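# Notes for the structure review
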Amino acid sequence: DVALELVKEPDGLKHASKSIQADKEIVLQAVRRSGLALEFASEDLCADPDVVIEAVRQDGQSLKFASQTCRSDRRIVLAAVQQNSHALQSAGSELRNDKDVVL
């Protein structure tokens, strides 16, 4: 399948059609390989906690491509910061000042 071949490449979603960028199963496979693929996912999927948590578990820095709602979700931010402490810079302001997240 062409869509599945696309997600094997780190920036495969970048070159994919809008319909592939909006396909949750394909995007999940892509972000599990490279969390930064979230940058090329549809706006709806960048706001989908299931997709975003998979992306940040693979690369915490992908939090910067998530919706504001996801960047303010404690569970997602904790997963991102555990993977990469620099992800804290992309967290919602209330979580950047939360001692449980910072520590």
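Residues numbered from 1 in each chain as written. Predicted model: local features only at pLDDT ≥ 70, side-chain atom pairs only at ≥ 80, totals over all residues. Heavy atoms only, no water.

### Quick look at the overall build of the protein chain
Secondary structure summary: the protein chain contains 9 helices and 0 strands in total. For the protein chain, the N- to C-terminal ordering of α and β elements is α-α-α-α-α-α-α-α-α. The globule rule puts the C-alpha radius of gyration for 103 residues at 13 Å, and the 13 Å found for the protein chain is close to it. Oriented by its inertia axes, the alpha-carbon framework of the protein chain measures out at about 45 × 20 × 15 Å. By sequence separation, contacts in the protein chain at least 24 residues apart represent 34% of the contacts at least 6 residues apart. As presented, the protein chain carries roughly 5700 Å² of accessible surface, and 47% of it is formed by carbon and sulfur atoms. Charge centroids of the protein chain, computed over 13 positive and 17 negative side chains, lie 4 Å from each other. (Helix = DSSP H or I, 4+ residues; strand = E, 2+ residues; numbered from the N terminus. Rg over C-alpha atoms; globule rule 2.2 N^0.38 Å. Contact = heavy atoms within 4.5 Å. Areas by Shrake-Rupley, 256 points an atom, 1.4 Å probe, with all protein chains shown as cover. Lys, Arg positive; Asp, Glu negative; His and termini not counted. Charge placed at Lys NZ, Arg CZ, Asp CG, Glu CD.)

### Some words on the packing of helix α5 (residues 49-58) against helix α7 (residues 74-83)
Where α5 meets α7, the closest approach of the two axes is 7 Å, and the angle between their N-to-C directions is 15°. One element, α5, and the other, α7, form an angle in the roughly parallel class. When you trace α5 past α7, the crossing you get is left-handed. Contact with α5, carried on its side by Pro49, Val52, Ile53, Val56, Arg57 and Gln58, involves Arg75, Ile76, Ala79, Ala80 and Gln83 of α7 and no other residues of that element. Tallied by class, the residues present in the contact of α5 with α7 amount to 7 nonpolar, 2 polar and 2 charged. (Axes fitted to C-alpha atoms, helices over the stretch in contact; angles between N-to-C directions. Parallel < 35°, antiparallel > 145°, perpendicular 65-115°, else oblique. Left-handed = near helix turned anticlockwise from the far one by under 90°. Nonpolar A, V, L, I, M, F, W, Y, C, P; charged D, E, K, R; others polar.)

### Concerning the pattern of salt bridges
One side chain can pair with another of opposite charge once the charged atoms of both are near each other. On inspection of all chains with the given rule, the structure shows 4 salt bridges. Between lysine 24 and aspartate 48 there is a salt bridge; the shortest N-O distance is 3.1 Å. Within this pair, whereas lysine 24 is found in helix α3 (residues 24-33), its partner aspartate 48 is found in the loop between α4 (43-46) and α5, the two being separated by 24 residues in sequence. Under the relative-accessibility criterion, lysine 24 is labelled partly exposed at 28%. One salt bridge in this structure joins lysine 24 and aspartate 50, with 3.0 Å as the shortest N-O distance. Remark: aspartate 50 occurs in helix α5 and lysine 24 occurs in helix α3; sequence separation between them is 26 residues. Taken together, the shared-partner salt bridges in this structure form one network comprising Lys24, Asp48 and Asp50. (Salt bridge = Lys/Arg side-chain N within 4 Å of Asp/Glu carboxyl O. Buried < 20%, exposed > 50% of the residue type's maximum accessible area, 1.4 Å probe, protein only.)

### Points about the nonpolar core
The biggest cluster of nonpolar side chains holds 33 residues, and the ones touching the most others in it are Leu13, Leu38 and Leu63. Within the residue set of this core, elements represented by two or more residues are α3, α4, α5 and α7. Beyond its immediate sequence surroundings of up to four residues, leucine 63 is in contact with Val56, Cys70, Arg71, Ile76, Val77, Ala80, Ala87, Ser90 and Ala91. (Core = buried A, V, L, I, M, F, W, Y, C linked by side-chain atoms within 4.5 Å.)

### Details of α5
Looking only at α5, the buried set comprises Val51, Val52, Ile53, Ala55 and Val56. Summarising the contacts, the buried residues of α5 are in contact with α3, α4, α6 (68-71) and α7. One side-chain oxygen of the residue at the start of α5 lies 2.8 Å from the amide nitrogen of aspartate 50, identifying that residue as aspartate 48. (Polar contact = N/O pair within 3.5 Å; in protein donor to acceptor, adjacent residues only side chain to side chain.)

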